[in-house]
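Letter by letter, the chains look like this.
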Amino acid sequence: MGNDQKKSKEVFYSPYDAVALKNILEHNKNITAEDVKQFFPVYYPVACIEISMTERDFEDFDFVNMTVLNMLALKITNISIISDTLGLSETYIKNVIKILSGYGYVDKFMGITQIGMDSMESQKKISVHSSAQKFQVDALNGRILKVEETMLEKNLKKPSKTPIGIPHIDYRGASVEESEIETIIRRNPQMYLQERGHYLNINVDRIDDIKLLSVDYCKAYMMKLQSCAPVVFYMAKGNNRFSVWKSFGVDPGFAEKYSVEEEPAVNSHMATERISQVYESKTIKAHEITTDKILELCDFDIENIRAFVDRATDKLILHINSDSFRTLSRTAFDMISYLSEEGTGFFICHNLNGRVIEIKTEDDKLIELAKQLKKYGKKISKSKHIENNSGCRNPIEKIKEAISAAEESD
């Protein structure tokens, strides 16, 4: 049984999930661990589209070129008159007209084209060229992600490349259709032009074509709080090279109660429906979790723990002390390190189906140990000390030894 238990923990326990929850809570100060009802990883669909567009660049216009263009617009097409008026040679004027024709401002009859008229109106030299730009799109909401909302391409994976056991939020039948995305973008193109550096380039004149290149999945986390629809958080690039946790979209009640972001995007009906389907499926399994499942997480000394379900909040509660762990393991190490100075913390792992365990202790020695682990925990983990001593007796003493070694190496 001991070997089976150890294998189970290796397969299902992921310290990164707890770190993700910790970071999300740090980024959203109005949400506390006590508010979290369920938290588990999911894969969320992200579309990649390519938009072909025509852009206009504006530059300062040479005075002579602009003057000649204005004279042609006034139907003054006689080269001699233009030459005498400006005090320049006819050869020079002919070359200027050739340049204006090359810009597309003057036609073969020396008439002014539309772009020529636009140039006169703006008093700028306008050049028109084609370009293409790729965008990431929230596949459930059909929303183009801003630059700071996008994710690294290496974090986008095909379904066949994602781990088994983590649910995928299905995009089929959602907004990931070229025609619908095109409609969304064309609905108010001026809005995108005003978002300098966020969406389309500021000089875009028109959208010529939109292609759907792929639909991949990014790892994200679904969070369920009390009295609010579940929300999905993911790691975005952010600004200034610092990654941040953002939500794809929220329901109005969530945004109003917790103020997770400045003006967060609101989920469409389709996105809400697909997210709820995954949550409800996970919830059915989560309600099957009993206190017996908690006892399987570690080699506990049953006499020194107390595990129960808080009927008022439906929370899994685990009381521990310095004698609760019979052997050392990664799970035991992390449970202790997650304790706060108040003696409370949280713990999550996959085989709890998103249920969050609230850890509590009144043991001052354990709280002090947790404080030390916050300072030296990463160094201990990197030294593989915990893995090398996994299964050993006297786990608290082993952790203290590791902390002492870390202190000496400072």
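No experiment lies behind these values; they were computed from the predicted model shown.

### Observations concerning the nonpolar core
In this structure, Phe39, Met223, Met335, Ile336 and Ile357 are the most contacted members of the largest nonpolar core, which totals 55 residues. Grouped together as the second largest cluster of nonpolar side chains are 20 residues, Leu145, Leu156, Val232 and Tyr234 included.

### Let's talk about the packing of helix α3 (residues 63–73) against helix α6 (residues 114–122)
Between α3 and α6, the shortest axis-to-axis distance is 11 Å and the interhelical angle comes to 120 degrees. Put simply, α3 runs oblique to α6. Judged by the sense of rotation from one axis to the other, the crossing of α3 with α6 is left-handed. Across from Met66, Leu69, Asn70 and Ala73 in α3, the residues of α6 making contact are Gly116, Ser119 and Met120. Taken together, the residues of the contact of α3 with α6 sort by class into 4 nonpolar, 3 polar and no charged.

### Let's talk about the sheet that holds strand β9 (residues 315–319)
The strand order β8-β9-β11-β10 describes an open sheet built from 4 strands, whose pairing is mixed. A strand with exactly one partner marks an edge of an open sheet, and here the two such strands are β8 (306–310) and β10 (344–347). Across the sheet, the mean angle from the axis of one strand to that of its neighbour is 25 degrees, orientation sign disregarded. In terms of strand pairing, β10 meets strand β11 (residues 357–360) through 4 bridges, oriented antiparallel. Note on β11: the bridge partner recorded for Gly345 is Ile359.

### Looking at the packing of aromatic side chains
Where two aromatic rings form a pair, the distance of their centres and the angle of their planes describe that pair. The tally for this structure, following the rule as stated, stands at 10 aromatic pairs. The lysine or arginine in question, Lys282, covers the ring of Phe40, its NZ or CZ lying 5.4 Å from the ring centre.

### Here we look at the pairing of β11
Pairing geometry for β9 and β11, over 4 bridges, is parallel. Of the residues in β11, the one forming a bridge with Leu318 is Ile359.

Rules used in this analysis
- Residues numbered from 1 in each chain as written.
- Predicted model: local features only at pLDDT ≥ 70, side-chain atom pairs only at ≥ 80, totals over all residues.
- Heavy atoms only, no water.
- Core = buried A, V, L, I, M, F, W, Y, C linked by side-chain atoms within 4.5 Å.
- Buried < 20%, exposed > 50% of the residue type's maximum accessible area, 1.4 Å probe, protein only.
- Axes fitted to C-alpha atoms, helices over the stretch in contact; angles between N-to-C directions.
- Helix = DSSP H or I, 4+ residues; strand = E, 2+ residues; numbered from the N terminus.
- Parallel < 35°, antiparallel > 145°, perpendicular 65-115°, else oblique.
- Left-handed = near helix turned anticlockwise from the far one by under 90°.
- Contact = heavy atoms within 4.5 Å.
- Nonpolar A, V, L, I, M, F, W, Y, C, P; charged D, E, K, R; others polar.
- Pairing = 2+ DSSP bridges.
- Phe/Tyr/Trp six-rings, centres within 6.5 Å; stacked < 30°, edge-to-face > 60°.
- Lys NZ or Arg CZ within 6 Å of the ring centre and 35° of its normal.

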